[in-house]
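This is what each chain is made of:
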Amino acid sequence: MLSLYPKTLSPSPFNLTSSLIPKKPSISSPSLYVNSTTCCQPNQITERGILFDTGDTFFRHESATGRDLGVLSAALYKQSKGQLRVLDAMCGCGIRSLRYLVESKADFVLANDANESHRRVILDNLAQVERLEGEKKRWVVTHCEANRILTDCYLQRDYFDYIDLDSFGSDSSFFLRAAFSSLKLDGLVYVTSTDGYSSGGHRPFHSLSAFGAYVRPMPYANELGLRILIGGAVREASVLGYRVTPLFSYYSYHGPVFRVLLRMNRGKLPEKRDYGFICYCNRCGNSQAVSWDELGQIRCPCNNSTKDAASLVVSGPLWTGPLHSGAYIMEMLNLAEQWGWVGKDAGTGLEKLLKRMLEESDPRLPFGYIKLDEVASRAQTNTPSISTIMSSLHKVFYFYVLLYSQAFELQLRRKGCVLLLKTVYCLAEYLIQYTQAGDFLQVEEILNDSRNMGMFVSWLKTSNEVTVLFMLQEGYAASRSHIAHNAIKTDCPMAGCIRIAKKIHGC
Ligand SMILES: C[S@@+](CC[C@H](N)C(=O)[O-])C[C@H]1O[C@@H](n2cnc3c(N)ncnc32)[C@H](O)[C@@H]1O
């Protein structure tokens, strides 16, 4: 007897008795509203209060969060556009199709799975929703190879708002072009890959044929899994004159599974941004994005000569832009809250995930993440706690240091930069002891030390030429990663993280 307990699933907010036909006796029983999947018969499962049968189909209860994200995004689409036609191209037992009908309020779902032996299970599951609404069908079940059904729809000009491609391995790359052809403009494709070998850089020629990206082993392999999937989609869409952008990207360790929701519009391949190469230096741990026209000049800041170029690994082309749209994640979070899927008594999984994705949406954050164990090993310290290193990163201030001159001060005063000048005075005493003109210096928490100001002003009187700061930048951007637990996403280079780790440990 199967007994599955997805932690994240809270009771459904949907009026199930009105939207589902109560064919199965337990469908309207109170056990539906229990936050688990207690089963009355083998292979019977409840997810968000919806009871269904998995039969002998491929079903993973661990994918429930991925289905939640799909249902939320499809519901948002329906709310904003007033209509929703879904093509569930690899529906398995039909659970997604059922949830799109019941929870996202899809007007129509085409549930397809190439395996005809799944038909009985899919029909039984979907039979919980009236098939006809007046003259119109709410759902249809087919058993075609995914490319065939997608292409048929395209040829019949039967376009969809939302296409779900929940395929195995890197197969999705094979279906993407047909999916974009049968998608409405501004429509959504929810695409999956489970190809962990490609993201790990273990078969670069396979990733090259599947996603058009030659991938080498890098420390943030699981983020690369998402980025090569998006990059492959960007490339396929551009062939048809479309541009796709990710609304969210979700990695889950079981499988592993990489899922991305893409919005498609007319457009071209991004020329300068978001689609290019990335480079990691095994020697110093630094990562950088490399555009197509910089390919011949890749250098790591740790080494100016080419003789040690072997320490550099390059992967791409792939998506280097943001993994999520912050505004869209916020909408998902609000809807999840309305439905009682997050917040009090709802379990923490989905809420934590969405909030982490929101943090990751900071546009200042580059691709990749830095594992704190790598920082510790390079700094030769214990691994710093994630909260300590994050708050240190947020507090770091940078100052460009220039030669001070009276003309420069006059210039600042004319521009009304009195505050800046005050800061200059406050810090200069400290700065001149440790810096050279033109240095790029890291100073932490000096602003609070008001004693420096007076000291500097008196020192200023006795000197015509002093070193002062020119510009103050904010602290680094830093967030946790939903992909790797003990890692941070940050725009601080590895060298800066090492310095901070050493400081935290008093080295
Ligand atoms: C990962 S399972 C789908 C699981 C389902 N979406 C869920 O959430 O439970 C993939 C399904 O795709 C079907 N499939 C595999 N290759 C296919 C193809 N080329 N065309 C259509 N269906 C395919 C398999 O029979 C399998 O049921």
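- As recorded by an unreviewed UniProt entry, the chain carries the name tRNA (guanine(26)-N(2))-dimethyltransferase and is attributed to Gossypium gossypioides.
- The record held by UniProt for the chain lists under Sequence similarities (unreviewed entry) the comment "Belongs to the class I-like SAM-binding methyltransferase superfamily. Trm1 family."
- Note on the chain: under the UniProt heading Catalytic activity (unreviewed entry), the record states "guanosine(26) in tRNA + 2 S-adenosyl-L-methionine = N(2)-dimethylguanosine(26) in tRNA + 2 S-adenosyl-L-homocysteine + 2 H(+)".

**Concerning the site of the ligand**
- Looking at the ligand, there are 20 residues lining it, with Arg-96, Asp-113, Glu-145, Ala-146 and Asp-166 nearest.
- Within the side chain of Arg-67, a nitrogen or oxygen atom sits 3.1 Å from an oxygen atom of the ligand.
- A distance of 3.1 Å separates a nitrogen atom of the ligand from a polar backbone atom of Met-90.
- In isolation the ligand offers 600 Å² of accessible surface; the protein chains occlude 88% of this area.
- Looking at side-chain class alone, the shell around the ligand contains 11 nonpolar, four polar and five charged residues.

**Quick notes on the pairing of strand β4 (residues 108-112)**
- Burial analysis of β4 places five of its five residues in the buried class, the great majority of the element.
- The alternating pattern of β4 places Phe-108, Leu-110 and Asn-112 on one face and Val-109 and Ala-111 on the opposite face, and all of these are buried.
- Across four bridges, the pairing between strand β3 (residues 85-88) and β4 is parallel. Residue pairing in the sheet places Val-86 in a bridge with Val-109 of β4.
- Between the parallel pair β3 and β4, the chain is carried across by helix α3 (residues 95-102), and the sense of this crossover is right-handed.
- As defined by bridge partners, β4 adjoins strand β7 (residues 139-142) across four bridges and the pair is classed as parallel. When the sheet's bridge partners are listed, Ala-111 is paired in β7 with Val-141.

**Some details on the pattern of salt bridges**
- All chains considered together, the criterion is met by 23 salt bridges.
- Residues Glu-47 and Arg-99 are paired through a salt bridge, measuring 2.6 Å at the closest nitrogen-oxygen approach. Taken together, the positions of Glu-47 in strand β1 (residues 44-47) and Arg-99 in helix α3 put the pair 52 residues apart, joining distant regions of the chain. An identical accessibility class is assigned to Glu-47 and Arg-99; each is buried.
- Residue Asp-124 pairs with Arg-120 through a salt bridge whose shortest N-O separation is 3.4 Å. Residue Asp-124 and its partner Arg-120 are located together in helix α4 (residues 119-126), separated by four residues, close to a single helical turn.
- Among the charged side chains, a network of salt bridges with common partners joins Glu-47, Arg-48, Arg-67, Asp-68, Arg-99 and Glu-103.

**A look at the environment of Leu-269**
- Tracing the backbone through its elements, the reader meets Leu-269 in the loop between β11 (257-266) and β12 (275-281).
- The class of Leu-269 is partly exposed, set by a relative accessible area of 34%.
- As a C-alpha pair, Leu-269 and Tyr-242 span 27 residues in sequence and 8.1 Å in three-dimensional space.
- If we ignore the near neighbours within four places in the chain, the residues touching Leu-269 are Val-234, Arg-235, Ser-238 and Tyr-275.

**So, the packing of helix α2 (residues 64-81) against α3**
- Put simply, α2 and α3 touch, their axes get as near as 10 Å, and they point 35° apart. By crossing handedness, the relation of α2 to α3 is classed as right-handed. Every residue of α3 that contacts α2 at Ala-64, Arg-67, Asp-68, Gly-70, Val-71 and Ala-74 is listed here: Ile-95, Arg-96, Arg-99 and Tyr-100.
- Considering only residue class, the contact of α2 with α3 consists of five nonpolar, one polar and four charged.

**Re the state of the cysteines**
- Going through the model one piece at a time under the given rule, you end up with zero disulfides.
- Left unpaired, Cys-279 is separated from the closest cysteine sulfur, that of Cys-300, by 6.7 Å.
- The class of Cys-279 is buried, set by a relative accessible area of 1%.
- Take Cys-497: it sits in no disulfide, and the sulfur closest to it among the cysteines is that of Cys-492, at 4.0 Å.
- In this structure Cys-497 comes out as buried when scored by relative accessible area, which is 0%.

**Some points on helix α17 (residues 494-504)**
- Turning to α17, its buried residues are Met-494, Gly-496, Cys-497, Ile-498, Ile-500 and Ala-501.
- One or two residues past the end of α17 sits Gly-506, with phi positive at roughly 70°.

**Points about the confidence of the model for the chain**
- Per-chain confidence: the chain averages 82 in pLDDT, with 75% of residues scoring 70 or above.
- Predicted confidence for residues 23-36 stays below pLDDT 50, and this span has 31 contacts to residues more than four positions away or in other chains.
- In the predicted structure, residues 431-473 sits below a pLDDT of 50 and forms 103 contacts with residues beyond four places in sequence or in another chain.

**Quick look at unusual backbone geometry**
- The peptide bond linking Gly-255 to Pro-256 adopts the cis configuration, its omega dihedral lying at 0°.
- Considering the arrangement of structural elements, one finds Pro-256 in the loop between β10 (242-252) and β11.
- Following Gly-316, the chain continues to Pro-317 via a peptide bond in cis, the omega torsion being -5°.
- Within the fold, Pro-317 resides in strand β14 (residues 312-319).

**A short note on the nonpolar core**
- In terms of nonpolar packing, the biggest core is built from 54 residues, with Leu-87, Leu-150, Ile-163, Leu-165 and Phe-180 touching the most fellow members.
- In contact with Leu-165, other than residues within four places in its own chain, are Ala-89, Met-90, Leu-150, Phe-175, Leu-176, Ala-179, Val-189, Tyr-190, Val-191 and Thr-192.
- Membership of the second largest hydrophobic core comes to 50 residues, among which are Val-86, Leu-123, Phe-248 and Tyr-328.

**Concerning the sheet that holds strand β13 (residues 287-290)**
- Taken in spatial order, the three strands line up as β13-β12-β14 in an open sheet, and their pairing is antiparallel. If you trace the sheet from one side to the other, it starts and ends with β13 and β14, each paired once. Here the strands of the sheet are splayed against their neighbours by 25° on average, with no regard to which way each runs.
- With six bridges connecting them, β12 and β14 associate as antiparallel partners. Residue pairing across strands places Cys-279 opposite Val-314, the latter belonging to β14.
- Docked against the sheet, helix α9 (residues 221-239) engages β12 and β14, running at close to 50° with respect to β14.

Rules used throughout
- Residues numbered from 1 in each chain as written.
- Predicted model: local features only at pLDDT ≥ 70, side-chain atom pairs only at ≥ 80, totals over all residues.
- Heavy atoms only, no water.
- UniProt positions renumbered as here; feature names shortened; annotations may be inferred.
- Near = heavy atom within 4 Å.
- Polar contact = N/O pair within 3.5 Å; in protein donor to acceptor, adjacent residues only side chain to side chain.
- Areas by Shrake-Rupley, 256 points an atom, 1.4 Å probe, with all protein chains shown as cover.
- Nonpolar A, V, L, I, M, F, W, Y, C, P; charged D, E, K, R; others polar.
- Buried < 20%, exposed > 50% of the residue type's maximum accessible area, 1.4 Å probe, protein only.
- Helix = DSSP H or I, 4+ residues; strand = E, 2+ residues; numbered from the N terminus.
- Pairing = 2+ DSSP bridges.
- Right-handed = clockwise from strand over helix to strand, strands pointing away.
- Salt bridge = Lys/Arg side-chain N within 4 Å of Asp/Glu carboxyl O.
- Contact = heavy atoms within 4.5 Å.
- Axes fitted to C-alpha atoms, helices over the stretch in contact; angles between N-to-C directions.
- Left-handed = near helix turned anticlockwise from the far one by under 90°.
- Disulfide = S-S within 2.5 Å.
- pLDDT = per-residue confidence, 0-100.
- Core = buried A, V, L, I, M, F, W, Y, C linked by side-chain atoms within 4.5 Å.

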